[in-house]
Amino acid sequence: MKSEGDLGGAARALLDRDEVEGVLSGAFYTPTEAPRSRAKGRTTGAGAEPGAAPPERPQHYKVICISMYTEDLERLDEMVSALKARGMTKANRSALIRHALSQVDLDKIPKGI
């Protein structure tokens with residue numbers, strides 16, 4: 001069985017720090033309004049007024065999950081590392097995939113994809 005230290009190294013190798021921090025800061029660490037006391041009125045959920053609409057979620061992006069071969073992930077991470085070594089400190093998996101998508105020519109995609 002692997003030690004906890006080995007698993008931490010595997011997680012660091014798999015997950016891009018900037019990407020993870022961006023998701024966590026928006027989803028888990030966003031400050032919520034403190035609940036009101038009972039004297040001022042009950043609240044529902046995380047500090048929401050009764051009957052109030054839920055807070056709006058960002059519409060310009062979605063967090064998704066995709067499957068990739070380990071070799072492809074290794075190549076992707078090597079490319080991100082190379083970009084960071086060139087001074088592009090904000091480079092990450094998502095940004096590189098978005099750039100690659102902008103370069104795709106559908107007429108050049110092989111039939112067996």
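Whatever comes next refers back to the structure up there.
An account of the accompanying structure is given in this report. (Residues numbered from 1 in each chain as written. Predicted model: local features only at pLDDT ≥ 70, side-chain atom pairs only at ≥ 80, totals over all residues. Heavy atoms only, no water.)

**What to know about the nonpolar core**
As a rule of thumb, soluble globular proteins bury nonpolar side chains together. Among the nonpolar cores identified, the biggest contains six residues, and these are Leu-73, Leu-76, Val-80, Leu-83, Ala-91 and Leu-96. It is helix 3 (residues 70-85) that provides the largest number of residues to this core, a total of four residues. (Core = buried A, V, L, I, M, F, W, Y, C linked by side-chain atoms within 4.5 Å. Buried < 20%, exposed > 50% of the residue type's maximum accessible area, 1.4 Å probe, protein only. Helix = DSSP H or I, 4+ residues; strand = E, 2+ residues; numbered from the N terminus.)

**Topic: a negative patch on the surface**
Taken together, the side chains of Glu-71, Asp-72, Glu-74 and Glu-78 present a region of like negative charge at the surface. Its place among the elements puts Glu-74 in helix 3. (Patch = residues over 30% accessible without salt bridge, like charges linked within 9 Å, V, L, I, M, F, W, Y side chains within 5 Å. Areas by Shrake-Rupley, 256 points an atom, 1.4 Å probe, with all protein chains shown as cover. Salt bridge = Lys/Arg side-chain N within 4 Å of Asp/Glu carboxyl O. Lys, Arg positive; Asp, Glu negative; His and termini not counted. Charge placed at Lys NZ, Arg CZ, Asp CG, Glu CD.)

**Observations regarding the layout of surface pockets**
There is about 370 Å³ of room inside the second largest pocket. Surrounding the second largest pocket, Met-68, Asp-72, Arg-75, Leu-76, Met-79, Leu-96, Ile-97, His-99, Ala-100 and Leu-101 form its lining. Broken down by secondary-structure element, the contributors of at least two residues to the lining of the second largest pocket are helix 3 and helix 4 (93-103). The leading source of residues in the lining of the second largest pocket is helix 4, at five residues. (1 Å grid on protein atoms, 1.4 Å probe; cavity = no way out; pocket = protein on both sides within 12 Å on 5 of 7 lines; lining within 4 Å. Points joined across faces, edges and corners; volume = space filled by probe spheres on them.)

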